[in-house]
Amino acid sequence: MQLKEGVFRCIMQLYDCLLTEVHERCKKGLGLAKYLNSSLAFFCYDLLSTIEPRQVFELVSLYLDKFSGVCQSVLHDCKLTFLQILCDHDLFVEMPGRDPSDRNYLSSILIQEIFLTWDHEDLSMRAKAARMLVVLLCKHEFDIRYQKLEDKLYIAQLYFPLVGQMLDEMPVFYNLGSSEKREVLITILQIIRNLDDTSLIKAWQQSIARTRLFFKLLEECLIHFEHRKPDDSMLMGSSSRSPLGDKPFPSKYSDRLSPAINHYLLEAARQEVGPQGTPENGYLWQRVNSQLSSPSQPYSLREALAQAQSSRIGASTLALRESLHPILRQKLELWEENLSAAVSLQVLEIIEKFSGAVASHTIATDYGKLDCITSIFMIVFSHNQPLAFWKALFPVFNSVFELHGATLMARENDRFLKQIAFHLLRLAVFRNVNVRKRAVIGLQILVRSSFSYFMQTSRLRVVLTITLSELMSEVQVTHMKSDGTLEESGEACRLRKSLEEMADESESFNIFEEFGLPEKPLVASNEQSPEHCCTWSEVKVLSDSLLLALDASLEHALLASVMTLDRYSAAESFYKLAMAFAPVPDLHIMWLLHLCDAHQEMQSWAEAAQCAVAVAGVVMQALVFRNDGVWSSDHVCALRKICPMVSGEISSEASAAEVEGYGASKLTVDSAVKYLQLANKLFSQAELHHFCASILELVIPVYKSRRAYGQLAKCHTMLTNIYESILEQESSPIPFADATYYRVGFYGEKFGKLNRKEYVYREARDVRLGDIMEKLSHIYESRLDGTTLHVIPDSRQVKADELQAEACYLQITAVDPVMEDEDLGSRRERIFSLSTGSVRARVFDRFLFDTPFTKNGKTQGGLEDQWKRRSVLQTEGSFPALVNRLEVMKSESLEFSPVENAIGMIETRTAALRNELEEPRSSEGDQLPRLQSLQRILQGSVAVQVNSGVLSVCTAFLSGEPATRLRSQELQQLIAALLEFMAVCKRAIRVHFRLIGDEDQEFHTQLVNGFQSLTAELSHYIPAILSEL
């Protein structure tokens, strides 16, 4: 009904007078003003049902003009009360605009005034405005008249300008309290929930900055509505990687529940929980006993919360919850979880729509990084989510990576990829098998995307290795047993199982089918050619690499208690960590330097130097790979001769490792020079001067390129000193040995992985067999928990099955290194100095030892019965290595008969004499052999008191029955060896006569007499010897 103009003017004048009265009385703080203000609001409320609404809008406009802007708190409270009453009208949604072309006038002024109130200095006004909006939207949501989709869309469009205003003035939102923020965010989600895609896309088309702010609001939704159960551990969402990890735990959003929010939660719970419960989340609801409903504890949760708040029991969140009956408390937990899931699912739905819009390039966003999508995913993964959300997430995650995988995995999104990889591995540790399976799916999606867009997975391998390293610092990988020892924890077991499932082809297909993903894992997009499809073998390589890192970290943690005692195991632990994290140069270098420090504490200088060389090798390869240095591949090959571990695999990985603070950008020429100089210093301490020379040859090109002549002069001075040291080692009468080597066999179940394995240990040159026996016995006696430890004293072959099962055994044998060109089949006795005519690069990977035995089972016998077994061991790598011991990978043995032993002994002495006679001694300035060395060998060969060795051979093999058992070939070889030995002795005595002075004439006479006596004795067995000599 349209009022006549005169009548309406009279009403307007009366209304204006009353408004003035309300305004003036409110300023004076009189309570009567509030009643008068409410009466005016109800007057307008009734008029809306009676007369033309646009005439009522004139009265409302007059009211707002009188109370315009941000008023005093009392005046503003009256204005909010007026609007609250007016907007509670049953036909509020259907109200027209003030002008025929406008939409709902009341909704527009409500939005304007509520947003204005959120910037009010009075906090209570902000809370009231937020509460008003929530109540109003709840009323619309459950109004039976507006349940059609078109009605909900119309309502959403009415309120959508509020979202636009919020985007224009984001500081207003950030200044709100946490309760008000939650209520504002829930209203925004409710508006967007019923909005059509066209309106959303139109909102995203305005500007990149505005689109980014829109998703900032969604991030706030995820943060403020996160649900954490009281027993949530670190792995259930409070990781330090979370953006809120360093902030105090936010208060529950149920601590100040308005009736509207209670009602909303109540309806949400009714929709989510069926009559027979939801077994998946563990709540099996039944009708609560009527006895629970009492004045002290009502059956309705809403009534219980209201009662607790009114009696001030709920002064804190904890007190509020503790005041509830356990069943009601459980209901509250469920409702909060349902609300959290609803919010997260709503955000996920928006992301899916946004992803589709991005694919069509119809909106304004940063297409280079897609930071709107990445920021939401990082928030989602870093916060705790209900299982219902994880179920819905991964199909969307899969879809987004199918559309935008190339952008999301590009270097510009390093931080995103690293965060997602970290949280997928974190989810792989969860106890809930459904969550762990979905984490495996997520990892496989990353693998497929990596291969689909980049044709390789090395970069993803780097990212996963980095994130696994960071996860290891947050996951408890060990657990203490009742006896005080450590064992693998459940978290580590679950992570291992997930990584194994990641490469399980059959299981993966079942999981994808079970969870309803649209296509099978690891299938490239249709645009890719078949040869570009990822294969399961590549996934297996990736999985094995991560498992290697996990095992190395676990082993290192298990050894924590014995690190100081068993330095060998500690060094191996650091070595395994360095190798496991080799794809990431920074981590590889970090563990190599830890290993270097450990070796220096043990005074294992050569091993420490190898670590420094390995670090320099990583840096040099990265520089050569990107052509950013003074070195070439030839220099890397030269370095590899010193440290064979410097391989060609690390260079490509290093170039792919530019991941948020990790990578080749930290690898510089100066850092390489620094570690080369460290290696030079350590090799010098180990007296391995030939390595020092090779290292300085690599440093010199750097100084040449920089024209650093002072440094070049120092290098050449050092080279001079190095070569002088090498000459000194060569000219020493005592052969130089840089180390001693021992073979150690482990036998016994208590040794664990060491059982029935053999290792070669490299020790300092002053360590004797008794020293290493004592050292290893001390180490393993303390680790075997009272188990008896025996040391096998000889080098015989051990039959492990015949040993006592409850005991442990160590077999320790001294071994000699084998030179590259050495004839291992030679029957001569090994004198190490014979194979080192000059100091060579002392790199050894083969070792041997001789074991005497007889056919009758005795270790020792007469010369005619004494056999010899020569065992040759091939180690896993070469010494000096990064560790003190290397596993024996292959073992071969040769057997020499008694006569071959005898011939070998004689040939050895002959070769020793010939070596002294023929080898030039350039360090002395002439070609004469050294007198002292020659005297020592001659005295051991022809002196009367020591010549029993040759005579005993003749007695054993050239007389009586033994001579008849020899084959003619063996007999001829033995006689030839004896004749050659005597001829060389005669020649050596003549040379000795030319070298000596008067002081050595008596000694020479003794040598001549000894030689003549020996010749006479041998003539009884070899008559031809007289004519030969």
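If you're wondering where the values come from, they're calculated on a predicted model, not measured in any experiment. (Residues numbered from 1 in each chain as written. Predicted model: local features only at pLDDT ≥ 70, side-chain atom pairs only at ≥ 80, totals over all residues. Heavy atoms only, no water.)

**Q** Would you mind going over the overall build of the protein with me for this structure?
**A** Helix and strand counts for the protein come out as 39 helices and nine strands. Counting across all 1029 residues of the protein, residues that qualify as buried make up 53%. Look at the contacts in the protein between residues 6 or more apart in sequence, and 71% of them connect residues 24 or more apart. With an accessible surface of roughly 46600 Å², the protein has 51% of that area assigned to carbon and sulfur atoms. (Helix = DSSP H or I, 4+ residues; strand = E, 2+ residues; numbered from the N terminus. Buried < 20%, exposed > 50% of the residue type's maximum accessible area, 1.4 Å probe, protein only. Contact = heavy atoms within 4.5 Å. Areas by Shrake-Rupley, 256 points an atom, 1.4 Å probe, with all protein chains shown as cover.)

**Q** Would you mind going over the environment of Val-699 with me for this structure?
**A** Structurally, Val-699 can be placed in helix 30 (residues 689-706). Under the relative-accessibility criterion, Val-699 is labelled buried at 2%. Sequence-distant contacts of Val-699, defined by excluding residues within four places in its chain, comprise Val-673, Leu-676 and Cys-715.

**Q** Just to check I follow, could you spell out the pattern of salt bridges for this structure?
**A** Close approach of charged atoms allows side chains of opposite charge to pair. Applying the stated rule across the entire model yields 39 salt bridges. Here Lys-34 makes a salt bridge to Asp-77, at a shortest N to O gap of 3.9 Å. Of this pair, Lys-34 sits in helix 2 (residues 32-48) while Asp-77 sits in helix 4 (residues 73-87); the two residues are 43 residues apart in sequence, bridging distant segments of the chain. Residue Glu-219 pairs with Lys-216 through a salt bridge whose shortest N-O separation is 3.9 Å. Highlighted residues: Glu-219 and Lys-216, both in helix 11 (residues 208-224), separated by three residues, approximately one helical turn. Connected via shared salt-bridge partners are Lys-34, Asp-77 and Lys-128. (Salt bridge = Lys/Arg side-chain N within 4 Å of Asp/Glu carboxyl O.)

**Q** Please clarify how the side chain of Glu-607 should be interpreted in this entry.
**A** Along the chain, Glu-607 falls in helix 26 (residues 605-625). Exposure remark for Glu-607: the relative accessible area of 2% places this residue in the buried category. When residues no more than four places from it in sequence are discounted, the contact partners of Glu-607 are His-599, Arg-762, Ala-881, Leu-882, Val-883 and Asn-884.

**Q** What's the story with the packing of aromatic side chains in this structure? I'm lost.
**A** Centre-to-centre distance and the angle between the planes together describe a pair of aromatic rings. Inspection of every chain in the model, using the stated rule, returns 32 aromatic pairs. Geometrically, the ring pair formed by Phe-397 and Phe-401 is tilted, given 4.7 Å between the ring centres and 50° between the ring planes. Of this pair, Phe-397 and Phe-401 are both found in helix 17 (residues 387-408), four residues apart, which corresponds to roughly one turn of the helix. The pair formed by Phe-397 and Phe-401 is uniform in burial state, with each residue classed as buried. An aromatic cluster of at least three residues, connected via ring pairs, comprises Phe-377, Phe-381, Phe-389, Trp-390, Phe-394, Phe-397, Phe-401 and Phe-416. Above the ring of Phe-173, the side-chain terminus of Lys-181 is found at 5.6 Å from the ring centroid. (Phe/Tyr/Trp six-rings, centres within 6.5 Å; stacked < 30°, edge-to-face > 60°. Lys NZ or Arg CZ within 6 Å of the ring centre and 35° of its normal.)

**Q** Where do I start with the side chain of Thr-467 in this structure?
**A** Mapped onto the fold, Thr-467 is located in helix 20 (residues 458-472). For Thr-467, a relative accessible area of 0% corresponds to the buried category. Discounting chain neighbours no more than four positions away, the residues touching Thr-467 are Lys-418, Ala-421, Phe-422 and Leu-425.

The values reported here are purely geometric and, on their own, carry no functional implication.
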